[in-house]
Amino acid sequence: MYERRMRDKEYPGRPVYDGIRNQRIKCPLCGIGAVRQVDHHLPKSVYPYLAVVPANLLPVCSDCNFLKNDQIPISLVEQTLHPYFDNIENERWLYAELYVEAPALTANGAAATSWRVRFFVRPPSEQDPHRAARVAHHFKAFKLDKLYEEQTADELVTVGHALADVFDAGGSTDVRAYLLDLARFRTNGRLNNWMLALYEALAASDWYCSGGFRLVASG
Ligand SMILES: [Zn+2]
């Protein structure tokens, strides 16, 4: 029924499908991808009677739709978050850390420092364990750690160049303050935005603020 009435351009339900798809510009499941499709939060193969219920239709990006791929939750904690009913935007869950490994000798004898930004979720205190498990499951199911890590590449190059001047003027103290300003202004109060997590992680790293930003920006 859904296939014919909602997706077929000739059928009257089509404007509803288009309306849901156009509600958001960014995918509510990952916060990164552009909305391209409408996903059934609970799969229509198992819950056909929910196939046309608007609350079960989510505007999502192609990657999240692919990763979800009709996953059927076998327990409460394996339900991914529903952006309308499981709103976590008022609580801080997303964090990152900059891992730096001590210099190791390369094949040509030069010392190379390796680094990596890793994103992770940490529940706010006094959190319902089921809810914490669902957030962790959502993070894993949509591979958000990898997705956010990929987003950092361009950002680290751009900010690294800007930090050179800041460091020359005021050293690591100014670098840290600049990063915390970026964390505030670029994320506009969105507590689980990957840039907030990234900039806070960079500001927390003495190595990065003391000049490591140059190496990170060089790739
Ligand atoms: Zn997405």
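Here the residue index of a chain counts from 1 through its sequence in written order. Totals for whole chains, interfaces and linings use all residues, but because this is a predicted model, local features are given only for residues with pLDDT of at least 70 and pairs of side-chain atoms are given and counted only at 80 or more. Computation of side-chain values covers all heavy atoms of the structure but excludes hydrogens and water.

A.B. asks: Looking at this structure, how should I read the overall build of the chain?
C.D. replies: The secondary structure content of the chain amounts to seven helices and four strands. Each of the 219 residues in the chain was classed as buried or not, and the buried ones make up 39%. By definition in these notes, contact holds between two residues if any of their heavy atoms fall within 4.5 Å. The long-range share in the chain, meaning contacts at least 24 apart out of those at least 6 apart in sequence, stands at 64%. By element, 52% of the accessible surface of the chain is carried by carbon and sulfur atoms, the whole surface being about 12,500 Å². Note on conventions: DSSP H or I runs of at least 4 residues are helices, E runs of at least 2 residues are strands, and numbering of each starts at the N terminus. Three exposure classes are used, based on accessible area relative to the maximum for each residue type with a 1.4 Å probe and protein chains only: buried under 20%, partly exposed in between, and exposed over 50%. For the accessible areas, the method is Shrake-Rupley and the probe is 1.4 Å, while residue cover comes only from the protein chains on display.

A.B. asks: How should the confidence of the model for the chain be read in this particular structure?
C.D. replies: Low pLDDT marks regions whose predicted coordinates should not be analysed in detail. Here the chain averages 84 in pLDDT, while 85% of its residues score no lower than 70. When pLDDT is averaged over each element of the chain, helix 6 (residues 194–203) comes out on top at 96 and helix 1 (residues 2–7) at the bottom at 53. The predictor's confidence in any single residue is recorded as pLDDT, a number from 0 to 100.

A.B. asks: Help me understand the packing of aromatic side chains in this model?
C.D. replies: Geometrically, a pair of aromatic rings is defined through the distance of the ring centres and the angle of the planes. Note on ring pairs: Phe, Tyr and Trp rings are taken, using the six-membered ring of Trp, and paired if centres are within 6.5 Å. Classes follow the plane angle, with under 30 degrees stacked, over 60 edge-to-face and the rest tilted. In the structure shown here, the tally under the stated rule is four aromatic pairs. Arranged with centres 5.7 Å apart and planes meeting at 65°, the rings of F119 and Y148 form a pair that is edge-to-face. Of this pair, F119 sits in strand 4 (residues 111–121) while Y148 sits in helix 5 (residues 144–187), placing them 29 residues apart in sequence. Side by side, F119 and Y148 carry an identical accessibility label, which is buried. Relative to F213, the ring of Y208 has its centre 6.1 Å away and its plane inclined at 65°; by these criteria the two rings are edge-to-face. Here the aromatic residues F167, Y208 and F213 are joined through ring pairs into a cluster of three or more. Between R92 and the ring centre of Y95, over which it is positioned, the NZ or CZ distance is 4.4 Å. For the cation-ring pair, R122 lies above Y95, with the distance from its terminal atom to the ring centre recorded as 4.1 Å. The rule for a charge over a ring is simple: NZ of Lys or CZ of Arg within 6 Å of the ring centre, and within 35 degrees of the ring normal.

A.B. asks: How do you make sense of the coordination of the zinc ion when you look at a structure like this?
C.D. replies: Each angle at a metal carrying four tetrahedral donors should ideally be 109.5 degrees, and each at a metal carrying six octahedral donors should ideally be 90 or 180 degrees. The protein atoms donating to the zinc ion are C27 (SG), C30 (SG), C61 (SG) and C64 (SG), with metal-donor distances spanning 2.3 to 2.4 Å. Here a donor is any nitrogen, oxygen or sulfur atom (N, O, S) within 2.8 Å of the metal, with 3.2 Å used for Na, K and Ca; water is not among the atoms considered, so some sites may look incomplete. Labels for metal geometry use angle windows, namely 85 to 135 degrees for all angles of a four-donor tetrahedral site, and for square planar (four donors) or octahedral (six donors) sites opposite donors over 155 degrees apart plus all others within 65 to 115; sites meeting none of these are irregular. Geometry at the zinc ion is tetrahedral, judged from its four donor atoms and the angles of 105 to 112° they form at the metal. Positions of the donor residues of the zinc ion, expressed as sequence spacing, correspond to C-x2-C-x30-C-x2-C. Highlighted residues: C27 in the loop between helix 2 (14–21) and strand 1 (37–40) and C61 in the loop between strand 2 (57–60) and helix 3 (62–68), separated in sequence by 34 residues. Each member of the pair C27 and C61 is classed as buried.

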